[in-house]
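Coordinate analysis (summary)
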Protein chains: 2
Amino acid sequence: MVSASLVIIGDEILSGRTQDKNTAYIAAWLNEAGIQLAEVRVVQDIEANIVAAVNTLRPRFDYVFTTGGIGPTHDDITAESVAAAFNLPLTTHPEAHRLLTEYYGAEDFTEARQRMSKTPEGAQLIDNSVSIAPGFQIENVFVMAGVPKIMEAMLETLRPRLKTGKKIWSQALTIHAPESKMAGKLGEIQGGMEGVSLGSYPFFRDGNIGTQIVVRSADKALIADATTQLVDYCAVQQYRHDGLAEIN
Amino acid sequence: MVSASLVIIGDEILSGRTQDKNTAYIAAWLNEAGIQLAEVRVVQDIEANIVAAVNTLRPRFDYVFTTGGIGPTHDDITAESVAAAFNLPLTTHPEAHRLLTEYYGAEDFTEARQRMSKTPEGAQLIDNSVSIAPGFQIENVFVMAGVPKIMEAMLETLRPRLKTGKKIWSQALTIHAPESKMAGKLGEIQGGMEGVSLGSYPFFRDGNIGTQIVVRSADKALIADATTQLVDYCAVQQYRHDGLAEIN
């Protein structure tokens, strides 16, 4: 199993002003590539905090992705923080400098904009097809923009650089019975099967109480086996359920 | 400044299946109470990972909140994990037991449901007005449900237990100029003022490029001062901006 973690650099998320959308996107994208997102940290725009997160996570997971803090303003401190994490100097990346000079024109390539051409020494760029200013990779750490459209474009270019694992398939089943009535059976199915994980998520919608069960596995046959057991159990107990969602 | 961190326990968020909404809610709620949410971690439903997150964060922040994993099913392991973090036995909480017996009736208070009456020894309950099964507090750690409606109800009951700080006010200004043109001025204003923080968030919407500046401070007068400087700068540079949002 290939594993990854994500560091979201963003005071705006921690203040509640902005709803983070990158986690769900990155998680689903990695899952599709057979890479398990195993931990996410949201940290403040403070160098020591970014350094601590990156250095704790990079030996523990195959990959660390970061989002945010690579723009031209005073609060964009991700590049210098990652350089500090690797104990490397922050230097002008010649290719980033060339791209940005071409984009802005030499005269308008201001000091603020030049900040976006700095990377830890030896970094490999991550292309930004949306707004040019690149992200970068240093060892197993991938530094991306925080703006979702740019982040998504960057992530797409990374696919060939990543080793991928087996995609984890999943199937959801919505059962109109409270979670506490399903708990015994779920534990029994989970206990009797290897290579499958059953997640159970209660819901309260429009006065209806129910449980969404999500069955996950790299093996579709195991998913089908587990969901058959669930559907049979509902029939015996006379619990209503919605039609099975597709395995995806 | 009172500080807090949040541990989100949830495989469903890490798989990309569920979009976390609790972070934004909790962040805004804490901010309103003058408590700074300083770090968030999303961890897998694995005891060792929950223990590590809770034990790393609880000495570093005034408060640690957790969401998720306190239901009746096999994947609900937060109570035993937090007990392990504090090296305390997991025991039946008499008041939780009484509430749940009353709610379900003694006969239907199954083994699975009885899991929801267990807390680390000595924990104080957190009321759940939505679905009875309580959360709990042990020292500075507050264990809440993951279902947003329940979590929100639990959080509301906690207000009298928390020491609160000065609310941080903020004001947003949308400027129709790229962030890189604002960067120099932002750095200058930020450098010249204490007790104010300026956040800068580029946007790309419907073909428009612009920057949202968020000015934050516990002192409304400082916010007004900083935004006046920004508005004056836009006038000189002939950058369009939207009407000022309210300070809130």
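Residues numbered from 1 in each chain as written. Chains lettered and ligands numbered in written order. Predicted model: local features only at pLDDT ≥ 70, side-chain atom pairs only at ≥ 80, totals over all residues. Heavy atoms only, no water.

Once that is clear, we can look at the domain arrangement of chain A. For chain A, the assigned domains read domain 1 (2–161) and domain 2 (169–237). Relative to domain 2 of chain A, the C-alpha centre of domain 1 of chain A lies at a distance of 38 Å. (Domains from an automatic or database assignment.)

In this section: the confidence of the model for chain A. Mean pLDDT over chain A works out to 94, with 100% of the residues at or above the 70 mark. If you check the scores for this complex, the pTM reads 0.90 and the ipTM reads 0.89. (pLDDT = per-residue confidence, 0-100.)

This part is about the pairing of strand 11 (residues 208–217) of chain A. Residue and element names in this part refer to chain A. The buried fraction of strand 11 amounts to 7 of the 10 residues, a majority that puts the element mostly inside the structure. The sheet contact formed by strand 9 (residues 169–175) and strand 11 spans 7 bridges and is antiparallel. Paired with threonine 174 across the two strands is glutamine 212, which belongs to strand 11. (Buried < 20%, exposed > 50% of the residue type's maximum accessible area, 1.4 Å probe, protein only. Helix = DSSP H or I, 4+ residues; strand = E, 2+ residues; numbered from the N terminus. Pairing = 2+ DSSP bridges.)

Core analysis: the biggest nonpolar cluster contains 100 residues, and Phe65 and Met144 of chain A together with Phe65 and Met144 of chain B have the highest contact counts within it. Those residues in contact with phenylalanine 65 of chain A that lie beyond four places of it in its chain are Ala4, Ser5, Leu6, Val7, Leu30, Phe142, Met144, Leu155, Leu158 and Leu162 of chain A. (Core = buried A, V, L, I, M, F, W, Y, C linked by side-chain atoms within 4.5 Å. Contact = heavy atoms within 4.5 Å.)

A side chain with one charge can pair with a side chain of the opposite charge if their charged atoms come near. Across all of its chains, the model carries 20 salt bridges over all chains by this definition. Note that arginine 60 of chain A is salt-bridged to glutamate 39 of chain A, the shortest N-O span being 3.1 Å. Linking arginine 60 of chain A in the loop between helix 3 (47–57) and strand 3 (63–67) with glutamate 39 of chain A in strand 2 (residues 35–43), this pair joins segments that are 21 residues apart in sequence. For glutamate 39 of chain A, a relative accessible area of 5% gives the class buried. Note that glutamate 156 of chain B and arginine 159 of chain B form a salt bridge whose closest N and O atoms lie 3.3 Å from each other. According to the relative accessible area criterion, glutamate 156 of chain B is partly exposed, its value standing at 38%. Judged by its relative accessible area of 36%, arginine 159 of chain B falls in the partly exposed class. Each member of the salt-bridge network shares a partner with another, and the members are Glu39, Arg41 and Arg60 of chain A. (Salt bridge = Lys/Arg side-chain N within 4 Å of Asp/Glu carboxyl O.)

Turning chain A through 180 degrees and shifting it by 0.0 Å along the axis lays it on chain B, with an RMSD of 0.0 Å. This pairing of chains is accounted for by a two-fold axis. Nearest to the rotation axis, the C-alpha of arginine 41 of chain A is located 2.2 Å from it, this being the minimum over chain A. In this assembly, 100% of the residues forming the interface of chain A have copies in chain B that are likewise at the interface, indicating an isologous arrangement. (Least-squares fit on C-alpha atoms with pLDDT ≥ 70 in both.)

Now for helix 8 (residues 179–192) of chain A. Over its 14 residues, helix 8 of chain A runs 19 Å from end to end, which matches the ideal 20 Å to within 8%, given 1.5 Å per residue. In helix 8 of chain A, a bend of some 30 degrees at lysine 185 of chain A exceeds every other bend along the element. If you check which residues of helix 8 of chain A are buried, you get Glu179, Ser180, Met182, Ala183, Lys185, Leu186, Ile189 and Gln190 of chain A. Structurally, helix 8 of chain A contributes buried residues whose contacts are with strand 9, strand 10 (197–205), strand 11 and helix 9 (220–237) of chain A together with helix 5 (94–104) and helix 6 (111–114) of chain B. (Expected span 1.5 Å × (residues − 1). Bend = angle between axes of the 7 residues up to and from the residue.)

Let us look at the interface of chain A and chain B. Listed per partner, the contact involves 57 residues of chain A and 57 residues of chain B. Taken together, the two surfaces of chain A and chain B that pack against each other cover about 4,400 Å², and 56% of this comes from carbon and sulfur. Counting across the chain A and chain B interface gives 0 salt bridges. Run the count over chain A and chain B and you get 14 residue pairs in polar contact (both at pLDDT 80 or more). (Buried area = accessible area lost by both parts, 1.4 Å probe. Polar contact = N/O pair within 3.5 Å; in protein donor to acceptor, adjacent residues only side chain to side chain.)

With that settled, the discussion passes to helix 9 (residues 220–237) of chain B. Residues and elements named next belong to chain B. Compared with the 26 Å implied by 1.5 Å per residue over 18 residues, the 26 Å span of helix 9 between its first and last C-alpha is a close match. Along helix 9, the residues that are buried comprise Ile223, Ala226, Thr227, Leu230, Tyr233 and Cys234. With its buried residues spanning 115 degrees around the axis, helix 9 presents them on a single face. Turned more than 90 degrees off the buried face of helix 9, the exposed positions are Ala221, Ala235 and Val236. On its buried face, helix 9 is in contact with strand 9 (169–175), helix 8 (179–192) and strand 11 (208–217). (Arc of directions from axis to C-beta.)

Here we take up the sheet that holds strand 7 (residues 135–138) of chain A. Taken together, the 12 strands give an open sheet; going across it, the order is 6(A)-7(A)-8(A)-3(A)-1(A)-2(A)-2(B)-1(B)-3(B)-8(B)-7(B)-6(B), and neighbouring strands pair in mixed fashion. The open sheet has two free edges, formed respectively by strand 6 (124–126) of chain A together with strand 6 (124–126) of chain B, since each of these has just one partner strand. Taken pair by pair, the neighbouring strands of this sheet meet at an average axis angle of 20 degrees, ignoring direction. This element, helix 3 (residues 47–57) of chain B, spans strand 1 (2–9), strand 2 (35–43), strand 3 (63–67) and strand 8 (141–144) of chain B of the sheet and lies at about 160 degrees to strand 2 of chain B. (Axes fitted to C-alpha atoms, helices over the stretch in contact; angles between N-to-C directions.)

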